[in-house]
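Each chain, written out:
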Amino acid sequence: MSYDVIGIGNAIVDVIAPADDNFLDHMGIEKGIMQLVERERAEMLYAAMDVRTQTAGGSVANTMAGLGRLGLSTAFIGKVRDDALGRSYATDMEQAGTAFPNPPVADAQAPTSRCMIFVSPDGERSMNTYLGAGADLNSGDVPDAIFAGGGILFLEGYLFDKDDGKTAFAEAARAMRAAGGLAGITLSDPFCADRHRADFQRLIADEMDFVIGNAAEWKTLYETEDLNEAVDRAAQVCGTVVCTRSGDPVWLRRGDERAEIPVETVVPVDATGAGDQFAAGFLFGYARDLPLDTCGRMGVAAAAEVIGHIGPRPERDMAAVFRELGLI
């Protein structure tokens, strides 16, 4: 079977709970960023959650789910252990309409990945991620046959934390492009861009057709405080470059073409998944070869929907929203 969009990323169970600043301080959680935690701390934070919303997640997995709800055929390649969370994850993805071709692995060296997400009253998210089995994905977990039909490949920067992930990404991108498809990546986090600067820059220049990142990620990647300079450098070596800027307009560049998409500033209920669903909206337009500004507007609309409620996936019919906005 061929797919419109294939994602590769860390298969993580998202566990979301409300938390005020006092709780974050007491638990030693730095507000608004993603922190990696060891298994023992992950279990302690999980136990400290009074009210939990638990779903199959991970950045690119959430994007695939959003695209699936928009009517595209999607698959997500991730690694889970054959444990209760892993089996639940695989079932949840399939039930959400996204193929999960890799079965849970009985002899995985670590339990299934999970991320404890604490949402503050202002909507800010503080993520505590135990990488687990998902971070051990390697090229052996990525079947070449899945790319035979072409389409779009979307990669998750978080998996760059291990060399096997870097190798798997490069091989998958080459396989997709050899099949006539397109490949792109989300930078995921400033810390990823800082840890893997040279590898990211090489991947963007040599293997990627599009890249999505936020202002902090782009400036970190190119070691400059001048955002224009950072985005220009990326656009010189990559076909399509996207820069989200929190409440400021989104920048999109494709060759000499530029678009700037305004963002309506609102206080979010939960910012979890905003970047993931922006990517879903953008990729929906990109897959249909729509104008650059239309792709950006779709991304902004999808992000605006998901921050209006708890959870990282849209609740409204985004195709209907796009029709209301005159985008399709």
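Residues numbered from 1 in each chain as written. Predicted model: local features only at pLDDT ≥ 70, side-chain atom pairs only at ≥ 80, totals over all residues. Heavy atoms only, no water.

The name an unreviewed UniProt entry assigns to the chain is Adenosine kinase, from the organism Mesobaculum littorinae. You can read under Sequence similarities (unreviewed entry) in the UniProt record for the chain the words "Belongs to the carbohydrate kinase PfkB family." (UniProt positions renumbered as here; feature names shortened; annotations may be inferred.)

Asker: Break down the sheet that holds strand 7 (residues 113-119) for me, citing the residues and quoting the values.
Answerer: In spatial order, the strands read 3-8-7-2-4; together these five strands make up an open sheet with mixed pairing. If you trace the sheet from one side to the other, it starts and ends with strand 3 (34-36) and strand 4 (53-57), each paired once. Sheet twist, expressed as the average angle between the axes of neighbouring strands with direction ignored, equals 20°. Inspection of the sheet shows strand 3 paired to strand 8 (residues 125-130) by three bridges, in the parallel sense. Within strand 8, the position partnered with Leu36 by the bridge is Thr129. In the packing of helix 4 (residues 84-95) onto the sheet, contacts are made with strand 2 (12-18), strand 4 and strand 7, and the angle to strand 4 comes to roughly 70°. (Pairing = 2+ DSSP bridges. Helix = DSSP H or I, 4+ residues; strand = E, 2+ residues; numbered from the N terminus. Axes fitted to C-alpha atoms, helices over the stretch in contact; angles between N-to-C directions. Contact = heavy atoms within 4.5 Å.)

Asker: How would you summarise the sheet that holds strand 11 (residues 210-214) if you had to cite specific residues and measurements?
Answerer: Taken together, nine strands build an open sheet; the order of strands is 6-5-1-9-10-11-12-13-14 and the sheet is mixed. Lying at the two open borders of the sheet, with one neighbouring strand each, are strand 6 (98-99) and strand 14 (257-261). Examined bridge by bridge, strand 9 (residues 152-156) and strand 10 (residues 182-186) share five bridges and lie parallel to one another. Across the sheet, residue Leu153 finds its bridge partner in strand 10, namely Ala183. Sheet contacts for helix 10 (residues 274-287): strand 9, strand 10, strand 11, strand 12 (240-245) and strand 13 (248-254); angle to strand 11, the most-contacted strand, approximately 155°.

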